Amino acid sequence: MGKYTISQTDFLEGEVLIGGSKNATLPILAASLLCPDKITLKNVPNLVDVSNMCNIISHLGGKYNFEAADELCISLPEITEHKAPYESVSKLRASFLIMSPVLVRYGKVRIPLPGGCPIGTRPIDLHLKGFSAMGAKIKQGHGYIEAKCPKLHGANIYLDFPSVGATENLIIAASMAEGETIIENCATEPEIVDLANFLNKMGARIQNAGSDKIKIVGVDKLHACSYSIIPDRIEAGTFLTAGIMCESDITLKNIIPDHIRPIMAKYSEIGADIKEGDNYIRIKGKCKGINTDIMTMPHPGFPTDMQAIATALLCTTSGRSLIVETVFDNRFLHIPELNRMGANIKVDGRTAIIDGAKLTGAKVKATDLRAGAALVLAGLVAKGKTEVENIELIQRGYENFDEKLRKIGASIKTTL
Ligand code: EPZ
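Residues numbered from 1 in each chain as written. Predicted model: local features only at pLDDT ≥ 70, side-chain atom pairs only at ≥ 80, totals over all residues. Heavy atoms only, no water.

Trainee: What is the right way to read the pattern of salt bridges from this model?
Mentor: Opposite charge on two side chains makes pairing possible when the charged atoms of those side chains draw close. Evaluated as defined, the whole model comprises 22 salt bridges. In this structure, the salt-bridge partner of glutamate 235 is lysine 404, at a minimum N-O distance of 2.7 Å. Of this pair, glutamate 235 sits in helix α8 (residues 233-245) while lysine 404 sits in helix α14 (residues 401-407), placing them 169 residues apart in sequence. The pair formed by glutamate 235 and lysine 404 is uniform in burial state, with each residue classed as buried. In this structure, glutamate 269 engages lysine 266 in a salt bridge whose closest nitrogen and oxygen atoms are separated by 3.2 Å. Within this pair, glutamate 269 and its partner lysine 266 are both found in helix α9 (residues 261-269), separated by three residues, close to a single helical turn. One salt-bridge network, held together by shared partners, links Lys3, Lys363 and Glu387. (Salt bridge = Lys/Arg side-chain N within 4 Å of Asp/Glu carboxyl O. Helix = DSSP H or I, 4+ residues; strand = E, 2+ residues; numbered from the N terminus. Buried < 20%, exposed > 50% of the residue type's maximum accessible area, 1.4 Å probe, protein only.)

Here it is, written out as structure tokens:
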């Protein structure tokens, strides 16, 4: 497994171009399979997770190719296979999202249960409850889900939890179901809105995406379109955090400030100086290091994907901060690694108690992509050298992470 070697970096300066959203691209790739015609997606990040999803699409009988660096064309004229391959699904949890388009177009689907992952058990009960409500007959066994239904029908679905993936799977399924579907207590993340905008551009009839009650009126056919993916708000939040952990003057370009409002609001509490433009933000100076408390919540609360990264920041502030992780049941694996770097963090259930400390470079391991990014940022401020191993996990969600950091002055070396 590869590693990054990071040395303490005094000053970050320059511009970072934020790429397309991984977590918008993956559901939109799944939704594109509803249409037999060629779909063109722009601002697509070049990530391992995106390639894995494309491999699954070709397994189903689809074709894909990158026409330009960030322009991906997808077409699935006919589904020739309704069984998703175990290896791909076990590597990419989001591939469970192909359940909806295959069920809609083929009338049946056989898909491995997505495995757990470092951040939690991640069940799929809410997805299955919604598919059953729409008429699917579902069987589970031998690590697989089998669902059958010649034609899904609309339903009123109330999600016990505003699951992003369940909301996405059910919006895709309802887009071509018979009649009207209402999904209540659904996720409201920007990626949900992007998915709905994409589907509507293909001719779907989805209303109120972004609210906690979405209405979908099924249609018989969707048509080709070209669509540009929203910028990645978590990549933006990651570089924003780097900019306030170090002394810096950096500008993040190609972002949607509203999508990172929860992060900017919280960071302003600790004294960060963030200037906002239409599609950029500029971070100057260094945060004053005032401690604060964070509770991760579904959107528009502070995003769980920023929890590990914000923890790295709070390690460097003065006083005591608390972070409560309310979304996942095991998303503190970065904490023992940060403590190896001299951080002073205790965990009590879902609460991390962080006392400010001076970090020192150490050998640490990425346990998932956001934890890995957090360790890299900690390495920027730690005294001496930090080696972050398992960087393949980071590269799943961050395109050219090392190059973008190097371009603004970070001392980071990559060994593959
Ligand atoms: C999406 O995962 C994101 N992944 C995650 O980002 C993100 O952390 C998460 O949403 C929350 O925002 C993609 O979009 C590809 P959930 P997802 O279903 O859809 C429970 C990253 O770092 N739940 O909203 O899997 C579940 O156990 C990744 O980019 C059920 O109980 O998240 C969890 O505790 C990590 N039953 C909570 O909901 C279900 O049927 C949130 O899960 C589904 C979920």
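Let's pick the thread back up.
Trainee: Explain unusual backbone geometry here, please?
Mentor: In most cases, non-glycine residues show a negative phi, while peptide bonds are predominantly trans. Residue histidine 299 is joined to proline 300 through a cis peptide bond whose omega torsion reads 10 degrees. Within the fold, proline 300 resides in the loop between β17 (293-296) and α10 (307-315). At asparagine 208, a position not held by glycine, the phi torsion is positive, near 65 degrees. With respect to the helices and strands, the residue asparagine 208 is situated in the loop between β11 (205-207) and β12 (213-217).

Trainee: Hey, could you run me through the sheet that holds strand β23 (residues 411-415) in this one?
Mentor: The pairing of strands in a sheet happens through backbone hydrogen bonds and is either parallel or antiparallel. A sheet is described by the order of its strands in space; here four strands give the open sequence β21-β22-β1-β23, paired in mixed fashion. The two strands at the open ends of the sheet, each matched to only one other strand, are β21 (363-365) and β23. Taken over all neighbouring pairs, the strand axes of this sheet differ in orientation by 20 degrees on average, direction set aside. Across five bridges, strand β1 (residues 3-7) lies against β23 in antiparallel orientation. Its bridge partner lying in β23, threonine 5 is registered against lysine 413. Sheet contacts for helix α12 (residues 369-381): β1, β21, β22 (385-389) and β23; angle to β1, the most-contacted strand, approximately 25 degrees. (Pairing = 2+ DSSP bridges. Axes fitted to C-alpha atoms, helices over the stretch in contact; angles between N-to-C directions. Contact = heavy atoms within 4.5 Å.)

Trainee: Is there a simple way to think about helix α4 (residues 99-106) in this case?
Mentor: Every α-helical turn comprises 3.6 residues, leaving residues that sit three or four positions apart pointing alike. Of all the eight residues making up α4, six are buried; the element is thus mostly covered by neighbouring parts of the structure. Of the positions making up α4, those classed as buried are Met99, Ser100, Pro101, Val102, Leu103 and Val104. Elements that come into contact with the buried residues of α4 comprise α1 (22-32), β6 (108-112), α5 (125-133), β8 (144-148) and α6 (164-175). The positive-phi residue at the C-terminal boundary of α4 is glycine 107, with phi of around 85 degrees.

Trainee: In this structure, what is going on with the packing of α1 against helix α2 (residues 48-59)? I would like to understand it.
Mentor: Between two packed helices, both the angle of their axes relative to each other and the distance between the axes serve to describe the pair. At a closest axis distance of 10 Å, the pairing of α1 and α2 adopts a crossing angle of 5 degrees. In terms of axis orientation, α1 runs roughly parallel to α2. Across the interface between the two elements, Lys22, Thr25, Leu26, Leu29 and Ala30 of α1 pack against Asp49, Val50, Met53, Cys54 and Ile57 of α2. Here the residues of the contact of α1 with α2 sort into seven nonpolar, one polar and two charged. (Parallel < 35°, antiparallel > 145°, perpendicular 65-115°, else oblique. Nonpolar A, V, L, I, M, F, W, Y, C, P; charged D, E, K, R; others polar.)

Trainee: Got a minute to help me understand the site of the ligand in this structure?
Mentor: Contacts to the ligand come from 23 residues, most closely from Asp125, Leu126, Ser163, Asp305 and Val327. One of the side-chain nitrogen or oxygen atoms of asparagine 23 is found 3.0 Å away from an oxygen atom of the ligand. Within the backbone of valine 164, a nitrogen or oxygen atom sits 2.8 Å from an oxygen atom of the ligand. Alone, the ligand offers 830 Å² of accessible surface; in the complex the protein occludes 87% of this. Listed by contribution, the elements that provide at least two residues to the shell around the ligand are α1, α5, α6 and α12. Of the residues in the shell around the ligand, the class split is eleven nonpolar, five polar and seven charged. (Near = heavy atom within 4 Å. Polar contact = N/O pair within 3.5 Å; in protein donor to acceptor, adjacent residues only side chain to side chain. Areas by Shrake-Rupley, 256 points an atom, 1.4 Å probe, with all protein chains shown as cover.)

Trainee: Help me understand the packing of α8 against α9 in this model?
Mentor: Following both chains from N to C, one finds α8 and α9 inclined at 15 degrees, their axes separated by 10 Å at the closest point. In terms of orientation, α8 lies roughly parallel with respect to α9. For the pair α8 and α9, the sense of crossing is right-handed. Of the residues in α9, those touching α8 at Arg233, Gly237, Leu240, Thr241 and Ile244 are Ile263, Met264 and Tyr267. In the contact of α8 with α9, the residues fall into five nonpolar, two polar and one charged. (Left-handed = near helix turned anticlockwise from the far one by under 90°.)

Trainee: Mind showing me how you'd approach the nonpolar core here?
Mentor: The tendency in soluble globular proteins is for nonpolar side chains to be buried side by side. Core analysis: the largest hydrophobic core is formed by 75 residues, its most contacted members being Phe198 and Leu199. Listed in part, the 68 residues of the second largest apolar core include Ile234, Leu313, Leu314 and Val381. (Core = buried A, V, L, I, M, F, W, Y, C linked by side-chain atoms within 4.5 Å.)

Trainee: Explain the sheet that holds strand β9 (residues 156-158) here, please?
Mentor: Here we have four strands laid out as an open sheet, ordered β9-β10-β12-β11, and mixed in their pairing. Edge strands, defined here as strands with exactly one partner in the open sheet, are β9 and β11. Taken over all neighbouring pairs, the strand axes of this sheet differ in orientation by 15 degrees on average, direction set aside. In this structure, strand β10 (residues 180-184) lies alongside β12, joined through five bridges in antiparallel fashion. Bridge assignment links threonine 181 to a residue of β12, and that residue is isoleucine 216.

Trainee: Just checking my understanding: could you explain the pairing of strand β4 (residues 63-68) for this structure?
Mentor: The two faces of the sheet receive side chains in turn, since in a regular strand these alternate between them. In terms of strand pairing, β4 meets strand β5 (residues 71-75) through five bridges, oriented antiparallel. Each residue of the ladder has a partner; that of lysine 63, found in β5, is serine 75. Linking β4 back to β5 in an antiparallel pair, the connection comprises two residues.

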